[in-house]
Amino acid sequence: MGLTSRTSAREAIVAGRLKVNGRVVRDPDIWVRPTRDVVLLDGNRVKPAHKTYLLFYKPKGVITSHGDPGGRKTVYDYLDDSVRWLAPVGRLDKDTSGLLLLTNDTNFADFITSPQSKIPKTYLVKTSGLMSDEIIAQLAAGIEMKRGDRAQPRSVRRTEDRGKYTWLEIVLTEGKNREVRRMIEAVGFKVLKLVRTRIGDLTLAGLEVGKWRPLTPAEVAAIKKCGTSTTFRPGR
């Protein structure tokens, strides 16, 4: 609903500050129907927040958590109070930069991250050496990774060889944990730089590192139509 973090929400519920249909509810795990049930927090009706969608150019070294006990910078250090309670759509690890979506629309987030939606995510990768055409073809054909799972990219292509390093463009639709890094490690190389440059038709064009902008209604509508095996379904 865009009011507070999940941790603070649970604390408020346990403290007896929430009523559902006139009765105090202290169980944070009880199910409610927002379109039918009357939910009050401190006597005030809880209503859905306006759906908001942001495109953020995440810098390297920044994590996607809402807070960090170690004091590392998070994506929320770059947001203002008006968009404080948006959640990342998927994650980029600390050493990966690039395009990150944030929203309070959980159905939209689930659609973007679901493997069934097949939304393409494009990455620019600097590898730790020069790759042969055979190795790139092996990656493009699909590769078994060290945990026993398999990466099946939509495409892998060489963008250039620069000095002693090969740069690749990799397009994924699955979004497994650290998938690009584990793919490259499976063929004996390491990732030296990793940038997500595109989700669907959304790109970083015109956006500086550490900056964000709202998505336009047309952009939101377009990415909802981008999946190849399913369609976006609004939540219950």
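Calculation criteria
Residues numbered from 1 in each chain as written. Predicted model: local features only at pLDDT ≥ 70, side-chain atom pairs only at ≥ 80, totals over all residues. Heavy atoms only, no water. Phe/Tyr/Trp six-rings, centres within 6.5 Å; stacked < 30°, edge-to-face > 60°. Helix = DSSP H or I, 4+ residues; strand = E, 2+ residues; numbered from the N terminus. Buried < 20%, exposed > 50% of the residue type's maximum accessible area, 1.4 Å probe, protein only. Pairing = 2+ DSSP bridges. Salt bridge = Lys/Arg side-chain N within 4 Å of Asp/Glu carboxyl O. Lys, Arg positive; Asp, Glu negative; His and termini not counted. Contact = heavy atoms within 4.5 Å.

Overview of the packing of aromatic side chains
Right, on to step 1. In this structure the tally under the stated criterion is 2 aromatic pairs.
Right, on to step 2. Note on tyrosine 53 and phenylalanine 108: the rings are 4.9 Å apart at their centroids and 75° apart in plane angle, and the pair reads as edge-to-face. Taken together, the positions of tyrosine 53 in strand S5 (residues 53–58) and phenylalanine 108 in helix H2 (residues 106–113) put the pair 55 residues apart, joining distant regions of the chain. A single burial state applies to tyrosine 53 and to phenylalanine 108, both of which are buried.

Concerning the pairing of strand S13 (residues 191–199)
Right, on to step 1. By the bridge criterion, 2 bridges tie strand S7 (residues 97–103) to S13 in an arrangement that is parallel. Bridge pairing links glycine 98 to arginine 196 in S13.
Right, on to step 2. In this sheet, S13 lies alongside strand S8 (residues 121–127) in antiparallel orientation, the contact comprising 7 bridges. Bridge pairing links valine 125 to leucine 194 in S13.
Right, on to step 3. With 2 bridges joining them, S13 and strand S14 (residues 202–203) adopt antiparallel strand pairing. Bridge pairing in S14 links isoleucine 199 to leucine 202.
Right, on to step 4. The antiparallel hairpin formed by S13 and S14 contains 2 residues in its connecting segment, where glycine 200 sits at a positive phi of about 60°.

Remarks on the pairing of strand S12 (residues 165–172)
Right, on to step 1. In terms of burial, S12 is largely enclosed, as 6 of its 8 residues are buried.
Right, on to step 2. Pairing analysis gives 6 bridges linking S8 to S12, with the strands arranged antiparallel. For lysine 126, the partnering residue across the bridge sits in S12 and is tryptophan 167.
Right, on to step 3. Note: strand S11 (residues 155–162) against S12, 7 bridges, orientation antiparallel. Considered in S12, the bridge of glutamate 160 is made with tryptophan 167.
Right, on to step 4. The turn linking S11 back onto S12 is made up of 2 residues, and glycine 163 within it adopts a positive phi angle of 65°.

Digging into the pattern of salt bridges
Right, on to step 1. The tally for this structure, following the rule as stated, stands at 13 salt bridges.
Right, on to step 2. A salt bridge links arginine 178 to aspartate 93; the nearest nitrogen and oxygen atoms lie 3.3 Å apart. Remark: aspartate 93 occurs in the loop between strand S6 (87–88) and S7 and arginine 178 occurs in the loop between S12 and helix H4 (179–186); sequence separation between them is 85 residues.
Right, on to step 3. Under the relative-accessibility criterion, arginine 178 is labelled partly exposed at 40%.
Right, on to step 4. Measuring nitrogen to oxygen at the nearest pair gives 3.0 Å for the salt bridge that ties arginine 158 to aspartate 161.
Right, on to step 5. Overlapping salt bridges, with partners in common, bring together Asp93, Arg178 and Arg181 in one network.

A word on the environment of alanine 9
Right, on to step 1. The residue alanine 9 is located in helix H1 (residues 6–14) in this model.
Right, on to step 2. Each C-alpha atom of the pair alanine 9 and proline 28 lies 8.1 Å from the other, and the pair is 19 residues apart in sequence.

Some words on the side chain of lysine 58
Right, on to step 1. Position of lysine 58 relative to the elements: it lies in strand S5.
Right, on to step 2. Within the buried core, lysine 58 has no salt-bridge partner, and the shortest N-O distance to an opposite charge, that of aspartate 93, equals 6.0 Å.
Right, on to step 3. Filtering out sequence-adjacent residues up to four positions away, lysine 58 remains in contact with Thr64, Val75, Leu92, Asp93, Lys94, Thr96, Ser97 and Gly98.

Treat this as a map of the structure, not an account of what it does.
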